[in-house]
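If you want the building blocks of each chain, they are given just below.
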Amino acid sequence: MPGLLGKKIGMTSVFSADGKNVPCTVIEVGPCVVTQVKTLESDGYEALQLGFEDKKEKHTTNPELGHFKKAGVTPKRHLAEFKGFEGEYKLGDTITVEMFNESDFVDIVGTSKGKGYQGVVKRHGFGGVGQTTHGQHNRLRAPGSIGACSYPAKVFKGMRMAGQTGNHRVTVQNLQVLKVIAEHNLLMIKGSIPGSKGSIVIIEK
């Protein structure tokens, strides 16, 4: 699907035509530069590689510098591939937020907020043990038995236990575009999207 790279700015709210207060997320989208054009003949599939946000040459590896110089663009911090673009694009072409229209529906791909090592109540929504008498002591939020048995004498893969929470790639589908502010490269998306302020997201049509 065609799309662009962007940066999450934060959340706000707008009033709809019928007077409802609608929460929305503001994303700075692009402008993105075409850094590579992939074709059936050379790569086996058709796609565009887009770059977002400039970075200094001293922070760029030599292979990356050669890649960007071949495209005739400055070094970019973030790269992503997209399929399904209509029309022909050349190296160095710029694609802006104007490719989106109001009332479009988009998919947002981002990295969720990391919450560190968490227990089963926060991580999986376990209810905890309700009984607090008969020697229950301080194990109200403990997971309890994990199903020990004689055969097979092991813990099955996927058992819900404590562990790292958040910091995963998350896709939220069918979010509505409320407003496109082309002069500032901003997109207002209905609802929330994964990630913290300043995190990089992918917006796909």
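As a starting point, this report considers the structure included with it. (Residues numbered from 1 in each chain as written. Predicted model: local features only at pLDDT ≥ 70, side-chain atom pairs only at ≥ 80, totals over all residues. Heavy atoms only, no water.)

### With respect to the overall build of the protein chain
Item 1. What the protein chain contains, in helices and strands, is three helices and twelve strands.
Item 2. Over its C-alpha trace the protein chain gives a radius of gyration of 23 Å, far above what one expects of a compact globule, namely 17 Å for 205 residues.
Item 3. The principal-axis extent of the C-alpha atoms belonging to the protein chain is close to 70 × 50 × 35 Å.
Item 4. Burial statistics for the protein chain: of 205 residues in total, 34% are counted as buried.
Item 5. Taking the intrachain contacts of the protein chain between residues at least 6 apart in sequence as the baseline, contacts between residues at least 24 apart amount to 69%. (Helix = DSSP H or I, 4+ residues; strand = E, 2+ residues; numbered from the N terminus. Rg over C-alpha atoms; globule rule 2.2 N^0.38 Å. Buried < 20%, exposed > 50% of the residue type's maximum accessible area, 1.4 Å probe, protein only. Contact = heavy atoms within 4.5 Å.)

### Notes on the pairing of strand 10 (residues 169-181)
Item 1. In the sheet, strand 7 (residues 105-111) pairs with strand 10 via six bridges, with the strands oriented antiparallel. Paired with Gly110 across the strands is Val170, a residue of strand 10.
Item 2. Connecting strand 10 to the antiparallel partner strand 11 (residues 186-190) that follows it, the hairpin turn spans four residues, and Asn185 within it adopts a positive phi of roughly 55 degrees. (Pairing = 2+ DSSP bridges.)

### A word on the sheet that holds strand 12 (residues 200-204)
Strand pairing in a sheet relies on backbone hydrogen bonds. The paired strands run either parallel or antiparallel.
Item 1. Strand order in the closed barrel made by the six strands is 1-2-11-10-7-12, with antiparallel pairing throughout. Each strand of the sheet is rotated relative to its neighbour by a mean of 50 degrees, with strand direction disregarded.
Item 2. Strand direction decides the pairing type here: strand 7 and strand 12, joined by three bridges, are antiparallel. Paired with Asp107 across the two strands is Glu204, which belongs to strand 12. (Axes fitted to C-alpha atoms, helices over the stretch in contact; angles between N-to-C directions.)

### Side note on helix 2 (residues 62-71)
Item 1. Regarding helix 2, the residues found buried are Leu65, Phe68 and Ala71. Angularly, the buried residues of helix 2 cover 125 degrees about the axis, an arc narrow enough to put them on a single face. Exposed and oriented more than 90 degrees from the buried face of helix 2 are Asn62, Pro63, Lys69 and Lys70.
Item 2. Looking at the buried residues of helix 2, the elements they touch are strand 3 (32-38) and strand 5 (76-82). (Arc of directions from axis to C-beta.)

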